[in-house]
Protein chains: 2
Amino acid sequence: MTAVAVLGVGVSRLGKQPERGLTDLAAEAIQAAFADAEVSSVDAVWVGTVFGPAGVAQRVLRSVGITSVPVITVENACASGTTAFIEACEAVRTGRYGRVLALGIEQMSAVFEGPIIPEKTDPEGVAGLAMPAMYAMSASRYLHEGAVTMNQLAAVAVKNRAHAQHNPLAPFNRQITVDEVLASRMIADPLTLLQCCPTSDGAAAAVLGAATGGPEEVVVRGAAIRSGRVWDQSSPHVWGYDIVRETAEEALASGGLDSIGDIDLVELHDAFTIGEIVTTEAIGLAPLGQGGEAIERGDTALGGKTPVNTSGGLLSRGHPLGATGLAQIAEVSWQLRGKAGGRQVPGARLGLVETMGGGVSVLDGNSCVITILEKK
Amino acid sequence: MTAVAVLGVGVSRLGKQPERGLTDLAAEAIQAAFADAEVSSVDAVWVGTVFGPAGVAQRVLRSVGITSVPVITVENACASGTTAFIEACEAVRTGRYGRVLALGIEQMSAVFEGPIIPEKTDPEGVAGLAMPAMYAMSASRYLHEGAVTMNQLAAVAVKNRAHAQHNPLAPFNRQITVDEVLASRMIADPLTLLQCCPTSDGAAAAVLGAATGGPEEVVVRGAAIRSGRVWDQSSPHVWGYDIVRETAEEALASGGLDSIGDIDLVELHDAFTIGEIVTTEAIGLAPLGQGGEAIERGDTALGGKTPVNTSGGLLSRGHPLGATGLAQIAEVSWQLRGKAGGRQVPGARLGLVETMGGGVSVLDGNSCVITILEKK
């Protein structure tokens, strides 16, 4: 099997941009990734999007001159971008294609005025269990069990905004305080506005190819994808914990890594503050029920033991669904190459990217993709 | 690399079934495929759909007890089902997963009252160039050039309906005549109603695994996928011809086959009568401009040299987009196993499945997936 390298990455301007179409957003990301990789063509493309219209992939690719190569569009909820990435990796790893583009695109503003409206065939969603409510259930349980405090929830948003001030790509970079987070408008009790990722438009891309062993090369050390783990009233942990834990274990094992302790930085799915806390625990950065404490203590802040979401995360960068995973891949790639500016993690060699997609409804399970990147 | 076998196939009831949801349709197809393969679980799933709502894959899979395995939903226009199939094949071939389900699902009646409405971001579609019009352009050019006659166009519909009378799965099986086809309501001049595939609801599935060499085993002999070949006013051939020709050549070569002459039967994308004629030429069953003659002569009818669309094709089975490619795979699998009843091609050993997906617009190119199945 071929060792896979991330040859280049690119991210478009992010944030609500209803005046721009997916073609324009995608072109910006692809051109940046091609320039970064110093290539002008690829042999195949995987495109991740959740709400992009059928056939949009070919249209956006033609705009940058990519025609006559296999194009496969994938949807895997919020993990669509990293699903495109993992499929592109697999194609290079197995020698199916030599150089592959993984592209993530989403223009939320073209589909929704505000938050995602549950699909009419999603019974729990229609009954009110939209994404903010699902995360709010986890937060309520954690608060009830004493596993988190309101201040710890807010500390996630404050930390990620502190990181975002060093990331020119994060549209939400005004510094905020715990009091301000808790005083912002209630969205789904106990989650306030500043604890919820903004809806967003954007595109992100990565070019993958065979590793050549160069000194600055970023390679894919491990990867895992899981889906459809059912969560219901009989589950021992909150929504998402188990699938993330199992996927993390599989990803670490696939890279021959013993523990998360080897990882220098993490980009993870902080769609809501409680999501980052639960994921911090699920991937092993803190014991179960102690993620909030670890974050409040600064363990996962820049300068801490294992910085999490140096980009500012979904809370500051926004969450253009299909693009999110590849924006995470871009952040970790930049970090490993030492190109992360004021948010650089010194000497970072191993970075982990976690994306969790909700199933449409609670009962339908969910999906998780985790990849581990390395600079040798 | 592992030789890949089609362990089992299943197709739901087809036709407009607005009272049934995707979950119900999918369950019928999956249960049939599992029973056929004599298995009760798989290690991963690829799902093809065009208009299924985001996240629908996990919901329909949970209904049949498939949880906690990787699930990847793919969209590739009308070739979405065979894209799921080719990705599932690749996963088995490379040893990524042992046993994989490829599932195609579509409920057109839940999305459109009649034909597919072009996406608002598709400039040609909005201007009137919907799918019937695109195919009508090809038919007009063929008629102008003397490459086809009105009767030859109609003969495609008559032939496929004749085949469909032997296929219990084809909802449209009333026998028709050339005169009746030509006298039916005009949809897009010169294509009349009976020359256009019906919109449809349905699901189809295939279970893939490592070949064991059993005597009745159907294996994947070759496969190819192409996308995004731009077609415009400078193209030498009509829409779709070039990409189908190139994909067919690649698929035959990948299976070590010299020519289409080795193939015993073909299921191909007869979304409109002219589509079957152009594809018959593109894959090499007739010289360029002589596909209509070949069909009128009976070369591709049951009992002819190379029967095409023994199932009745999209024209008789309907075209539930994501399910179509896997329904084609099922038909060829049954034929190779000698289980095709009154439509059986005697001694069939090699069958080819072709699906062409339109790009959203003419200029955005299109996609094609071709697979070749074999009974050793």
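Residues numbered from 1 in each chain as written. Chains lettered and ligands numbered in written order. Predicted model: local features only at pLDDT ≥ 70, side-chain atom pairs only at ≥ 80, totals over all residues. Heavy atoms only, no water.

Visitor: How would you summarise the packing of helix α6 (residues 150-164) of chain B against helix α9 (residues 273-282) of chain B if you had to cite specific residues and measurements?
Guide: Residues and elements named next belong to chain B. α9 packs onto α6 with a crossing angle of 95° between their chain directions and a minimal axis gap of 8 Å. Compared by their axis directions, α6 and α9 come out roughly perpendicular. Note on element contacts: α9 touches α6 through T273, I274, E276 and I277, opposite Q152, L153, V156, A157, K159 and N160. When its residues are assigned to classes, the contact of α6 with α9 shows five nonpolar, three polar and two charged. (Axes fitted to C-alpha atoms, helices over the stretch in contact; angles between N-to-C directions. Helix = DSSP H or I, 4+ residues; strand = E, 2+ residues; numbered from the N terminus. Parallel < 35°, antiparallel > 145°, perpendicular 65-115°, else oblique. Contact = heavy atoms within 4.5 Å. Nonpolar A, V, L, I, M, F, W, Y, C, P; charged D, E, K, R; others polar.)

Visitor: Before we move on, can you summarise unusual backbone geometry with the specific residues and values?
Guide: All names here are of chain A. P190 follows D189 through a cis peptide bond whose omega is 10°. Here A77, not a glycine, exhibits a phi torsion of approximately 55°, which is positive. Tracing the sequence through the fold places A77 in the loop between β3 (71-75) and α3 (80-93). Classification of A77 by relative accessible area gives buried; the value is 12%. Even without being a glycine, N309 presents a positive backbone phi close to 60°. Checked against the element boundaries, N309 lands in the loop between α10 (291-297) and α11 (313-317). (Buried < 20%, exposed > 50% of the residue type's maximum accessible area, 1.4 Å probe, protein only.)

Visitor: Tell me about the packing of aromatic side chains, residues and numbers included.
Guide: Aromatic rings considered in pairs are described by the distance between their centres and by the relative angle of their planes. What the rule picks out here adds up to eight aromatic pairs over all chains. Ring centres of B:Y135 and B:W239 lie 5.3 Å apart, and the angle between their planes is 85°; on these two criteria the pair is classed as edge-to-face. Note that B:Y135 is positioned in helix α5 (residues 131-145) and B:W239 in the loop between β8 (218-227) and α8 (241-254), a separation of 104 residues in sequence. Accessibility assignment for this pair places B:Y135 and B:W239 in one class, buried. Each member of the aromatic cluster is reached from another via a ring pair, and the members are A:Y135, A:W239 and A:F272. (Phe/Tyr/Trp six-rings, centres within 6.5 Å; stacked < 30°, edge-to-face > 60°.)

Visitor: So what's going on with the interface of chain A and chain B? Which residues, and what values?
Guide: Taken together, the contact pairs 46 residues of chain A with 46 residues of chain B. The interface formed by chain A and chain B holds two salt bridges in total. The partner of A:E87 in a salt bridge is B:R96, and the shortest N-O contact between them spans 2.5 Å. Viewed at the interface, chain B and chain A are joined by twelve residue pairs in polar contact (both at pLDDT 80 or more). Of all the elements in the fold, those that place two or more residues in the side of chain A that touches chain B are α2 (56-62), β3, α3, β8 (218-227) and β11 (366-375) of chain A. Here the element with the most residues in the side of chain A that touches chain B is β3(A); it accounts for five residues. Along the lines of polarity and charge, the residues of the side of chain A that touches chain B split into 19 nonpolar, 15 polar and twelve charged. In the sheet, β3(A) pairs with strand β3 (residues 71-75) of chain B via three bridges, with the strands oriented antiparallel. Its bridge partner being in β3(B), A:T73 is matched across the sheet by B:E75. (Salt bridge = Lys/Arg side-chain N within 4 Å of Asp/Glu carboxyl O. Polar contact = N/O pair within 3.5 Å; in protein donor to acceptor, adjacent residues only side chain to side chain. Pairing = 2+ DSSP bridges.)

Visitor: I'd like a description of the relation of the copies chain A and chain B, backed by residues and values.
Guide: Of the two same-sequence chains, chain A is brought onto chain B (RMSD 0.0 Å, axial shift 0.0 Å) by a rotation of 180°. Here the copies are linked by what is in effect a two-fold axis. Considering only C-alpha atoms, the residue of chain A closest to the rotation axis is A:V74, which sits at 2.2 Å. With an isologous cut-off of 70% or more, the 100% of interface residues of chain A that recur at the interface of chain B puts this contact in the isologous class. (Least-squares fit on C-alpha atoms with pLDDT ≥ 70 in both.)

Visitor: Tell me about α6(B), and please be specific about residues and values.
Guide: Residues and elements named next belong to chain B. Between its terminal C-alpha atoms α6 stretches 22 Å, which fits the 21 Å expected from 15 residues at 1.5 Å a residue. For α6, a buried count of eleven out of 15 residues is recorded, marking the element as mostly surrounded by other parts of the structure. Burial in α6 covers these residues: Q152, L153, A154, A155, V156, A157, K159, N160, R161, H163 and A164. Next to the buried residues of α6 lie α5, α7 (178-183), α9, α10 (291-297) and α11 (313-317). (Expected span 1.5 Å × (residues − 1).)

Visitor: Quick rundown of the environment of B:T306? Include the residues and the values.
Guide: You can see B:T306 is positioned in the loop between α10 and α11. Excluding its chain neighbours within four sequence positions, the residues that come into contact with B:T306 are B:I263, B:D264, B:L265, B:V266, B:L285, B:D299 and B:T300.

Treat this as a map of the structure, not an account of what it does.
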